[in-house]
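Tertiary structure, described
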Amino acid sequence: MPRVNTVLGPIPAEELGLVAVHEHIGYGMPGSELDTKWWKTPEQRYDETVPKLRRFHEYGGGTFVDATGICNGRDIDYYQSLSEKTGVHIVASTGFVGGDTALPFFARASVEYLAEHFIHEITVGIGDTGGKAGIIKVGVSRGGRMTDLDKRIYRAAARASKATGVGILTHLAIDAENAIAIFNEEGLPLDRVLFGHVDDGVNADKTRDTWIAEQGGRIGFDTFGYETELPDPPFWARPRKERLDHFLRFISGEGRIKQVLASADANCSPLGWPGVKGHTVNYIFEDLIPDLRAAGLDETAIKTIFVDNPADFLSIKN
Amino acid sequence: MDAQTAENTVNTVLGPVPAQELGVVAVHEALLSVVPGAEYAFDVTIDRAEIFETLAEKLKDFRGHGGGTIVDSTGMFHGRDVRLYEALSRTTGVHIVASTGQGPEEMLGGYFLTPQTNPPTPWPAEKFADLFTKEVTEGMVVPRVERRGAAGLVVTAATLAGMTATDESLFRGAARAALSTGVPVSIRFGNDAVRDLEVILDEKLPADRVVVGGLDRKDAVAVGAPLEVARRGAYVAIDHVGTEDERHLGDKERVALVAQLVEAGFGERILLSSSATGVAKGHDGNDMPYSYVLSTFAPLLKAQGLSDEDVQRILVDNPRELLSVR
Ligand SMILES: [Zn+2]
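Notes on the structure follow.

Criteria and thresholds
Residues numbered from 1 in each chain as written. Chains lettered and ligands numbered in written order. Predicted model: local features only at pLDDT ≥ 70, side-chain atom pairs only at ≥ 80, totals over all residues. Heavy atoms only, no water. 1 Å grid on protein atoms, 1.4 Å probe; cavity = no way out; pocket = protein on both sides within 12 Å on 5 of 7 lines; lining within 4 Å. Points joined across faces, edges and corners; volume = space filled by probe spheres on them. Helix = DSSP H or I, 4+ residues; strand = E, 2+ residues; numbered from the N terminus. Nonpolar A, V, L, I, M, F, W, Y, C, P; charged D, E, K, R; others polar. Salt bridge = Lys/Arg side-chain N within 4 Å of Asp/Glu carboxyl O. Buried < 20%, exposed > 50% of the residue type's maximum accessible area, 1.4 Å probe, protein only. Pairing = 2+ DSSP bridges. Axes fitted to C-alpha atoms, helices over the stretch in contact; angles between N-to-C directions. Contact = heavy atoms within 4.5 Å.

Looking at the layout of surface pockets
Over the atoms rolls a probe the size of a water molecule, and in doing so it shows where empty space is left. Volume-wise, the largest pocket comes out at about 1,700 Å³. Lining of the largest pocket is provided by 46 residues; of these, E33 of chain A together with E39, Y40, I46 and P143 of chain B occupy positions nearest its centre. If you list the elements that add at least two residues to the lining of the largest pocket, you get helix 2 (76-86) and helix 4 (111-123) of chain A together with strand 3 (24-34), helix 3 (82-92) and strand 6 (141-142) of chain B. Class assignment of the residues belonging to the lining of the largest pocket gives a composition of 23 nonpolar, 10 polar and 13 charged. Quantified by volume, the second largest pocket comes out at close to 1,200 Å³. As for the second largest pocket, its lining consists of 42 residues, and the residues nearest its centre are H28, H78, R188, H240 and H283 of chain B. Looking at the lining of the second largest pocket, the elements with two or more residues in it are strand 3, strand 8 (153-157) and strand 9 (185-188) of chain B. In terms of residues, the lining of the second largest pocket owes the most to one element, strand 3 of chain B, which gives 4 residues. Of the residues that constitute the lining of the second largest pocket, the class distribution is 13 nonpolar, 21 polar and 8 charged.

Let's talk about the pattern of salt bridges
All names here are of chain B. Taken as a whole and assessed by the stated rule, the structure comprises 46 salt bridges over all chains. Between D202 and R172 there is a salt bridge, and its shortest N-O distance comes to 2.8 Å. Within this pair, whereas D202 is found in the loop between helix 7 (193-201) and strand 10 (210-213), its partner R172 is found in helix 6 (residues 165-181), the two being separated by 30 residues in sequence. For D202, a relative accessible area of 43% corresponds to the partly exposed category.

Let's talk about the sheet that holds strand 6 (residues 93-95) of chain A
Paired through backbone hydrogen bonds, the strands of a sheet run either parallel or antiparallel to each other. All names here are of chain A. Spatially, 6 strands are ordered 6-7-8-9-10-11 in an open sheet, and the strand pairing comes out parallel. Each having just a single partner strand, strand 6 and strand 11 (260-262) make up the two edges of the open sheet. The average angle at which neighbouring strand axes cross in this sheet is 30°, direction not considered. Looking at chain direction, strand 10 (residues 218-221) and strand 11 are connected through 3 bridges and run parallel. What sits directly across from F221, in strand 11, is A262. Sheet contacts for helix 10 (residues 299-314): strand 7 (135-139), strand 8 (167-171), strand 9 (193-195), strand 10 and strand 11; angle to strand 11, the most-contacted strand, approximately 110°.

What follows is the structure in structure tokens.
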């Protein structure tokens, strides 16, 4: 039976339910922990996080995939307590959001070492928490092109994915030719890769989403809710209708609805940045699914996007 | 010793200590030295009890050889564990001065290099100055938990291939933090010791508040950097004492360099240390004992003809003056 690694142990894929496939309990750039300006008490962190997860659960959310990389404030025993107390399954990542978030120890490491590290976190556990990673995070550094370090991380991720059967989730899908070349060289089927943030306001124009889909990759429209309509939108925001139209246009292509995943990339309680007021994982229930229904999607289509596709993607394939 | 000197204090992890109590100081050492990120590595174990035991042993050895104060010059992001150092200092009686600062650029977290802004502009000097200053005025951070005692100095380093723009921001930020708080700055240069020192001096920090480390590097000695740094009025740290490798002078040549500096009238600008790594994680470190300068190198200096007074000045008086908060 297909199984998925959550922070509290493996669960059957059938139990995932509705999945928010790219989210963050709390994200901070490495080094932000040194700047007291962002510090929060544990009381405050739980206070900002628990109600959002509880609401997610009440709305019918089953699983929260935390896409926070190794050096970005990933905090497994905290996730374990959140999951245990709220009933939301939490899937954690190994890997890095991008080369520019990998600290020197990993930035200097070989592909072989990085792969070994990822495999360890997937098969043995993360630190001494016992929690195992359920996906591998990789990404493109700031600047628009994959750096050498980004490429080493992608290659190591491909090897770890092949060795363990867990999927890869990317931060940004720009420069996808380079990414796909690496995955092909390593012999990784592209349906094990979710190319994320194709809908990002900064990069959507440069992202070849249909081409990636033609190669067999999965496509993540996973920054839903970062809208220019917000009172204080971040620089990667995009007009709401423009993103929705982009999504609808994409899934209108033959068979593409089977390749698409959607999420909000929200922070429950950001760690090293102010976050975006009013944007939470529950955008999925409060705005996105109603918008999709209004656009004519039926319940089967919604189940495909939020339940079936993520279950297939997150299932350990080996 | 004038009245001013008598009242001077030094920031240790257990609080301000009268400067005269420091005794023999090792100005450039590492207690726990962790390459940033290694703490997350699957094959790196950080057993604090074991680390404590190892470091306590080494500090007792240092004290046994007449050592009084260890300066952990690894900065704020290379394994610094302030609570562990407090316990070590209480247990061993060795004063521990911990540092703020970071560098070179390669050792920084992405927060400082590619912040979540568009474009991702690296941190300017002023922000580093603020970060480092608060570690002196408000206390050193235990990340995301609390602040502890005041940092006793600001350390930074330039990229070996040459100072980068972000390195320069770090240097200027370190200099400004020193200027506003009264603690000294300790730098490790990139490919030009004098030019890197000039960046600090350009911030109007008096030269006698600066120590330039790594001046027993062959490339620095080849261009006469130790003498030139002393001429500018900064402290000259010969701080790989005991290391015998490609990049550095051997101890014999170090003795000659010290003698040369004393002869040139710069006896009050010399500092000695070993850059020992008490416990290293994520890199090899070295097996150097903190006591090496006292046990092995000081006798070599005396054999070379340095007076007891000269040696006392180098090991006790000079670091005391440097570390005294102004
Ligand atoms: Zn994300």
